[in-house]
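Chain by chain, the residues:
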Amino acid sequence: MFANVGWGEMLVLVVVGLVILGPERLPGAIRWTANALRQARDYLTDMSNQLRQDIGPEFDDLREPLSELQKLRGMTPRAALTKHLLDGDDSFLSVFDRPLTNRDSQGGVPSEPTLPTPAPSPRLSDSDAGRPTPFDSDAT
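Residues numbered from 1 in each chain as written. Predicted model: local features only at pLDDT ≥ 70, side-chain atom pairs only at ≥ 80, totals over all residues. Heavy atoms only, no water.

Where an unreviewed UniProt entry is consulted, the chain appears under the name Sec-independent protein translocase protein TatB, with the organism given as Mycobacterium noviomagense. Per UniProt, the chain has the following entry under Subunit (unreviewed entry): "The Tat system comprises two distinct complexes: a TatABC complex, containing multiple copies of TatA, TatB and TatC subunits, and a separate TatA complex, containing only TatA subunits. Substrates initially bind to the TatABC complex, which probably triggers association of the separate TatA complex to form the active translocon." What UniProt records for the chain under Sequence similarities (unreviewed entry) is the sentence "Belongs to the TatB family." (UniProt positions renumbered as here; feature names shortened; annotations may be inferred.)

This is the structure in structure tokens:
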């Protein structure tokens, strides 16, 4: 339930509780909170056990689709595609993981990749310096 709460957050909660409740009421509030959480956890465990007893073997049949759904929620899109469409074989997808390199003219040693050079920007002449920049309302 509190799997995402780390020590830093706990420390902030204690400091805020100390400021709000004061040093004399903080230990009692911590005790009350811990007791309430323990009771809630026990209640949920008992309810789960009672449900398991009432439903019987079908309870495990209900849990299987839920566990499969939980597995799917944790997958990346690539892993989901690989598992369901390619039966776990992602060997052809590894081509996309390698960086592209250019080969020299003999086809041997890879050289540094070349980047396209941008076109030079048009310069305004001295006669255009005082004029406003042209604006095309249809282009925007």
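1. So, a negative patch on the surface
On the surface, a cluster of negative charge is made up of Glu58, Asp60, Asp61 and Glu64. Take Glu58: it is sitting in helix α3 (residues 58–73). Taking the relative accessible area as the measure of exposure, Glu58 reaches 44% and is therefore partly exposed. (Patch = residues over 30% accessible without salt bridge, like charges linked within 9 Å, V, L, I, M, F, W, Y side chains within 5 Å. Areas by Shrake-Rupley, 256 points an atom, 1.4 Å probe, with all protein chains shown as cover. Salt bridge = Lys/Arg side-chain N within 4 Å of Asp/Glu carboxyl O. Lys, Arg positive; Asp, Glu negative; His and termini not counted. Charge placed at Lys NZ, Arg CZ, Asp CG, Glu CD. Helix = DSSP H or I, 4+ residues; strand = E, 2+ residues; numbered from the N terminus. Buried < 20%, exposed > 50% of the residue type's maximum accessible area, 1.4 Å probe, protein only.)

2. Things to note about the packing of helix α2 (residues 26–55) against α3
Relative orientation of the contacting elements α2 and α3 amounts to 115 degrees, with a least axis distance of 7 Å. Contacts from Ser48, Leu51, Arg52 and Ile55 of α2 reach α3 at Glu58, Phe59, Leu62 and Arg63. Classifying every residue of the contact of α2 with α3 gives four nonpolar, one polar and three charged. (Axes fitted to C-alpha atoms, helices over the stretch in contact; angles between N-to-C directions. Contact = heavy atoms within 4.5 Å. Nonpolar A, V, L, I, M, F, W, Y, C, P; charged D, E, K, R; others polar.)

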